Amino acid sequence: HTVVYDALTNDLLHYSEDKLPGAVKVCFVRLYDGSLQRKGRELDRQRALLEADGCADTTTLARIVQQRVDLERERQKLRQQLCEVL
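Residues numbered from 1 in each chain as written. Predicted model: local features only at pLDDT ≥ 70, side-chain atom pairs only at ≥ 80, totals over all residues. Heavy atoms only, no water.

Draft legend 1. A look at the nonpolar core. In this structure, Val26, Val29, Leu36, Leu43, Ile64, Leu71, Leu78 and Leu82 together form the largest nonpolar core, which totals 8 residues. Of all the secondary-structure elements, those providing two or more residues to this core are α2 (20-53) and α3 (58-85). Discounting chain neighbours no more than four positions away, the residues touching leucine 43 are Ile64, Gln67, Arg68 and Leu71. (Core = buried A, V, L, I, M, F, W, Y, C linked by side-chain atoms within 4.5 Å. Buried < 20%, exposed > 50% of the residue type's maximum accessible area, 1.4 Å probe, protein only. Helix = DSSP H or I, 4+ residues; strand = E, 2+ residues; numbered from the N terminus. Contact = heavy atoms within 4.5 Å.)

Quick look at the structure:
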């Protein structure tokens, strides 16, 4: 929390007091989005490994695909939140 605040109140960034809450929200949304992107890449890697193995359990593959879909839905919500802030 203080790291983000310190970064946003740095003289070089020039965020006014009234803009600071929105800027903080943007930072956290982008950090969370980065986390979701990493999880998505990991799910893609797991899926590729299972498919390359040739004996992938369809239940496991379906679970991975559903998790990937859920991640993309969450990222879409985040993009909408960013549009509201910006």
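Now that the structure has been shown, we can carry on.
Draft legend 2. Structural context of the side chain of aspartate 33. Summarising the element assignment, aspartate 33 is placed in helix α2. In this structure the side chain of aspartate 33 is engaged in a polar contact, spanning 2.6 Å, whose partner is the side chain of arginine 75. Other than its neighbours up to four places away in sequence, aspartate 33 contacts Arg75 and Leu78. (Polar contact = N/O pair within 3.5 Å; in protein donor to acceptor, adjacent residues only side chain to side chain.)

Draft legend 3. Highlighting the pattern of salt bridges. Under the definition given, this model contains 7 salt bridges. Where arginine 75 meets aspartate 33, a salt bridge forms, and the shortest distance between an N and an O atom there is 2.6 Å. One end of the pair, arginine 75, is in helix α3; the other, aspartate 33, is in helix α2, with 42 residues separating them in the sequence. Since its relative accessible area comes to 16%, aspartate 33 is described here as buried. (Salt bridge = Lys/Arg side-chain N within 4 Å of Asp/Glu carboxyl O.)

Draft legend 4. Looking closely at the side chain of arginine 75. Of the residues examined, arginine 75 reaches a relative accessible area of 15% and is grouped as buried. Setting aside chain neighbours within four positions, we find arginine 75 in contact with Asp33, Leu36 and Gln37.

Draft legend 5. Spotlight on α3. Here α3 spans 41 Å end to end across 28 residues, near enough to the 40 Å set by a 1.5 Å rise per residue. Those residues of α3 that sit buried are Leu61, Ile64, Leu71, Arg75, Leu78 and Leu82. (Expected span 1.5 Å × (residues − 1).)

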